[in-house]
Amino acid sequence: MKLYITTPSPYARKCRIVAREKGLADRIQEEVVDLYGDAPELAAVAPIDQVPALVAEDGLPITDSPLICEYLDGLGGGPRLIPMNGPERLAVRRIETLGQGALEMGVKWVLEKRRPENERSPDWMARWRDRLGRSLDALEAADLSADRLDIGVITAGCVLTWTDFRHPEFEWRAGRPRLVALQAALEARPSFADTRPDA
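Below: a short report on this structure.

Rules behind the numbers
Residues numbered from 1 in each chain as written. Predicted model: local features only at pLDDT ≥ 70, side-chain atom pairs only at ≥ 80, totals over all residues. Heavy atoms only, no water. Helix = DSSP H or I, 4+ residues; strand = E, 2+ residues; numbered from the N terminus. Contact = heavy atoms within 4.5 Å. Expected span 1.5 Å × (residues − 1). Buried < 20%, exposed > 50% of the residue type's maximum accessible area, 1.4 Å probe, protein only. Arc of directions from axis to C-beta. Pairing = 2+ DSSP bridges. Right-handed = clockwise from strand over helix to strand, strands pointing away.

Let's shift gears to the side chain of Lys14. On the secondary structure map, Lys14 appears in helix H1 (residues 10-21). Not counting residues up to four positions away in its chain, the partners in contact with Lys14 are Ser65, Pro66, Cys69, Glu96, Gln100, Ile151, Ile154, Thr155 and Cys158.

Turning to helix H5 (residues 122-141), a few remarks are in order. For H5, spanning 20 residues, the distance from its first C-alpha to its last is 29 Å, which sits close to the expected 28 Å at 1.5 Å a residue. Taken residue by residue, H5 has Met125, Trp128, Leu132, Gly133, Ser135, Leu136, Leu139 and Glu140 as its buried positions. Viewed end-on, H5 has its buried residues packed into an arc of 160 degrees, placing them on one side of the element. Exposed side of H5, more than 90 degrees from the buried face: Asp123 and Ala141 are the residues found there. Against helix H4 (86-114), helix H6 (151-166) and helix H7 (177-187) lie the buried residues of H5.

Time to look at the pairing of strand E1 (residues 2-5). Where E1 meets strand E2 (residues 29-32), four bridges bridge the pair, whose relative direction is parallel. Each residue of the ladder has a partner; that of Leu3, found in E2, is Glu30. With H1 bridging E1 and the parallel E2, this β-α-β connection has right-handed handedness. Note: E1 against strand E3 (residues 53-55), three bridges, orientation antiparallel. Pairing of Leu3 across the sheet is with Leu54, part of E3.

Printed below as a string of C-alpha cells:
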C-alpha cells in the first residue's frame, strides 16, 4: 500500500498513527508530496490534490482520513479503534467528528493568516479561533483518556499537537487540564512520537 502525506498534515498524521497502532507500518509506503508543487502521482489518486490518500491493497484509492482509518482498522491486528456497531461506535465517532471539526476551524485560520496582511479579515480570524476554542472546550468536557485509545482519542491528540505547531500563539492549555494530560500521555506513545509534525 502507498499513503500520500505531508508531514505537517494532522489528517495524514491520524492515518499514520492508526497504521502504527494496528501493526501495518511495514505494509505501507509513506510518500511525502508537495501540495504546492507539481505532484501528478497524488492527482492520479486524489483528484483534488489533498492528503492523505491511500492506494489500498486492491490498488484502488481511498481518500479522506476517517475512511482511510476505518479501512486500516479493519485490516490490521489488535483492538479495534472504531467499534463495529452500537452505542460505543456512535460515541467514538462523535468525538472523532468533533476533532475533525476543530481541525477544520484551525485550517481555515491558517489559510486566513497566509493571505497578504492587507487582505486578511480580523473578523474571520477571530471566528475561526473562537470556534477552535469552543471545540477544545467540548473535548475537554468529554474526559478522554489515553488508556482508552480509539479513533476519537487519536483525533483529539492530533488536534492538540497540530494546534501547537500551527498556532503557537493560541494558549489552548488554559482551563483545559484534561487535554493537557491527554496530549502528554499520547505523545509518549511510539506511534505519536514517530509522527510529530515537527519531527
